[in-house]
Every structure is written in structure tokens, then in C-alpha cells.
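Each chain, written out:
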Amino acid sequence: MSLNPRAVVVYRPTEYSELLGRHGTRQQIQFFLERRGHGLDQLDERHRLQADALATVAAAIPTEWRRAQVKRGDLDRWLFEPEDVVIAVGQDGLVPNVAKYLSGQPVVGVNPDPARNPGLLVRISPNDLAAVLHALGEGSATIEDRAMVQARTDDGQSLLALNEVFIGHSTHQSARYSLALSDGRHESQSSSGILVGTGTGATGWCRSVWNDRRPSWQLPEATSGTLAWFVREAWPSPSTGVELTAGRLEAGEQLRVVASSDALVIFGDGIEADRLELTWGQEAVISVGVERLRLVTGISR
């Protein structure tokens with residue numbers, strides 16, 4: 001007998017909650033902020049909007065479904081089940097935070113504060129969630145497949161990211177490595193790191209680098225299976241080159257990086273604490289990931 005779906009509500013504590021954990025009382029928070037020329041009004045409003053959204057989300061989950069809640073900071077210790085429906089309540093960045101831990105479970109992004117959040121990935125209003133979950137159960141929800149970028153090391157470690165992965169020195173010093181492409185081109189380099197991003201990530205960090213470089217090619221579209229890669233601040237020397245500094249990776253193509261120094265790291269979507277480490281001579285292969293994000297965007301008409 002198959003299990004009922006489990007709704008897993010993922011959220012990030014508000015700034016007010018974090019300050020309360022640090023200072024203990026509302027009065028201490030107010031004293032702390034007023035000394036810096038700030039008040040509590042905006043924090044109160046954002047805290048209220050999230051609390052209201054979480055309450056609306058809880059009421060929208062079908063009564064026969066199982067349910068759970070997990071904070072963003074606990075995701076790396078959470079075990080997702082095949083039947084889960086993930087409901088990310090918060091800013092757009094919460095969806096990449098959870099996507100790397102999934103294996104095909106659908107994600108519904110709920111936007112509690114559309115005045116502040118662009119809603120590129122959190123597209124569903126709390127008040128529309130009940131209808132969207134019903135449609136998901138009936139098979140009439142619209143779902144976008146989003147490519148992810150994968151990094152794999154030669155000792156069997158792997159990491160997925162929805163926006164981008166970064167490969168560089170752990171202390172942001174110059175990273176030394178050799179870089180090789182699927183077409184046979186290769187180069188030894190010293191740089192401030194390599195950035196490899198997806199079409200989803202084309203609105204973030206990769207966009208800022210692309211704007212500076214203005215290459216002849218365009219960044220991938222949001223639902224594209226193509227990756228874009230950039231070498232940041234490559235340094236020319238007798239032993240390091242600056243010819244291979246940007247490009248695109250199509251499905252099946254790979255970017256291979258072999259460390260030429262210790263303490264190189266790979267992390268995804270800005271989460272440095274969850275990272276892979278490369279030692280001298282170790283290789284990492286970057287490519288389009290096998291897993292894809294299944295983003296619920298609405299109801300079929």
C-alpha cells in the first residue's frame with residue numbers, strides 16, 4: 001500500500017526570530033537596534049507576514065497528507081522521502097537551498113512577501129496553495145524542469161546546485177589548477193576561482209560576471225540544459241595562462257579541474273559550509289546534473 005504524500009514545509013527563521021535567539025527579549029532587541037538608529041517596525045512586519053503565510057500553508061495541506069516542518073539550517077540533516085511534496089515558504093533563494101537535497105520531489109515555492117521578493121522561484125501565493133496542492137494530487141499542476149549543475153570528485157564525492165558551483169581556494173587566495181574541456185583544450189591557471197552556473201543561476205552571480213565580460217554568446221535560458229562557466233581574474237605567468245576563461249557546457253560535455261595546490265573547495269549556491277575539498281592532484285568533473293528540480297508553477301488551464 002502506497003503512503004499518502006508528506007508535505008514538508010521549508011522555511012528560514014525571520015530576522016526577528018534570529019535576533020530574539022541572540023538577545024533573549026524584545027526589549028533587548030529594541031535597545032540593540034535603537035543604538036544603531038533602527039526600529040522594529042520592518043522586522044515586525046516581515047515576521048508577521050511569514051507567520052501568516054505559514055499558518056495559511058498549514059491550513060492548505062490536505063488533511064489526509066502527512067506533514068513536517070524543517071528550517072533551512074537543518075536541511076543537510078533532513079531525510080527526504082520519495083512521496084514528499086516540498087513547500088518552500090520564503091525568498092527565492094530558499095528553493096536552491098532545498099533543491100540540492102532532492103531526488104525528483106516536486107517543489108512549490110510560496111511567496112509570503114511579494115512586495116520584497118521577486119518571485120522568480122517562489123511563484124505561488126499562500127492563498128492559492130490549496131488549489132495548487134489539489135491540482136498536484138490530480139496531476140493537473142504545471143511543472144518546470146530546471147537543470148542543476150553537478151560536481152564530482154575522483155574519490156566519489158558529489159555535490160549538486162541549482163544556481164551555480166564555485167571552485168576556488170578555501171581562503172579566497174589565488175587557486176592553482178589545470179582546466180580541461182571536452183574538446184581537448186586545456187590550460188594551467190591561477191585565478192580567484194571558477195564559476196559554473198545553470199539557466200536558473202543566470203539571473204544571479206553568473207549574470208554579474210557576464211555583464212562585465214560581455215561575451216558574444218548569451219547566458220542559458222531558465223529551463224535550458226546548458227551551463228555557463230567563467231574563470232574569475234585569471235593571472236598570466238610563465239606557467240599559467242588566460243586563454244580559457246569562459247564558455248558554455250552542453251549536455252554531455254564536462255569541465256575537468258585538477259588541483260595544483262591544497263585547500264581548494266567546491267560549494268554550491270553560496271553555502272560554503274556544505275562543500276567538497278580538493279587536495280593536490282585531485283580531479284573534479286563539472287557537468288549538467290542527472291537530477292533536475294521539478295518546480296511547481298501553477299495549475300494547467
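Here's what I pulled together on the structure shown here. None of the values given here were measured: they were computed from a predicted structure.

For helix α5 (residues 129–138), every residue scored as buried is listed here: L129, V132, L133, A135 and L136. Here the buried residues of α5 occupy an arc of 160° about the axis, which is enough to place them on one side. Facing away from the buried side of α5 by over 90 degrees, the exposed positions are H134, G137 and E138. Considering only its buried residues, α5 is in contact with α3 (41–60), β3 (84–89), β4 (106–110), β5 (141–153) and β16 (283–299). A positive backbone phi angle near 85° is found at G139, which sits one or two residues after α5.

Turning our attention to the pattern of salt bridges. What the rule picks out here adds up to 17 salt bridges. The residue K100 makes a salt bridge to D274 at a minimum N-O spacing of 3.2 Å. Placement of K100 in the loop between α4 (94–99) and β4 and of D274 in the loop between β14 (264–268) and β15 (275–278) is noted, with a sequence separation of 174 residues between them. Of the residues examined, K100 reaches a relative accessible area of 12% and is grouped as buried. Among the ionic pairs, D113 bridges to R116, the shortest N-O distance being 3.9 Å. Residue class for D113 comes out buried when judged on its relative accessible area of 10%. Shared partners join several salt bridges into a network, and the residues in it are R6, R66, E81 and D84.

Going through the model one piece at a time under the given rule, you end up with four aromatic pairs. Note on W78 and F80: the rings are 6.5 Å apart at their centroids and 70° apart in plane angle, and the pair reads as edge-to-face. Owing to a relative accessible area of 11%, F80 belongs among the buried residues under this scheme. When the centroid spacing of 5.4 Å and the interplanar angle of 40° are considered together, the rings of F166 and F267 count as tilted. With F166 in strand β7 (residues 164–169) and F267 in strand β14, this residue pair connects regions lying 101 residues apart in the sequence. Its relative accessible area of 2% is what places F166 among the buried residues. On the accessibility criterion, F267 (4% relative accessible area) is buried. Among the aromatic side chains, those forming a connected cluster through ring pairs are F166, W205 and F267. The aromatic ring of W210 is capped on one face by R207, whose charged end is 5.2 Å from the ring centroid.

Cut-offs and rules
- Residues numbered from 1 in each chain as written.
- Predicted model: local features only at pLDDT ≥ 70, side-chain atom pairs only at ≥ 80, totals over all residues.
- Heavy atoms only, no water.
- Buried < 20%, exposed > 50% of the residue type's maximum accessible area, 1.4 Å probe, protein only.
- Helix = DSSP H or I, 4+ residues; strand = E, 2+ residues; numbered from the N terminus.
- Arc of directions from axis to C-beta.
- Contact = heavy atoms within 4.5 Å.
- Salt bridge = Lys/Arg side-chain N within 4 Å of Asp/Glu carboxyl O.
- Phe/Tyr/Trp six-rings, centres within 6.5 Å; stacked < 30°, edge-to-face > 60°.
- Lys NZ or Arg CZ within 6 Å of the ring centre and 35° of its normal.

Geometric values such as these leave the question of function open.
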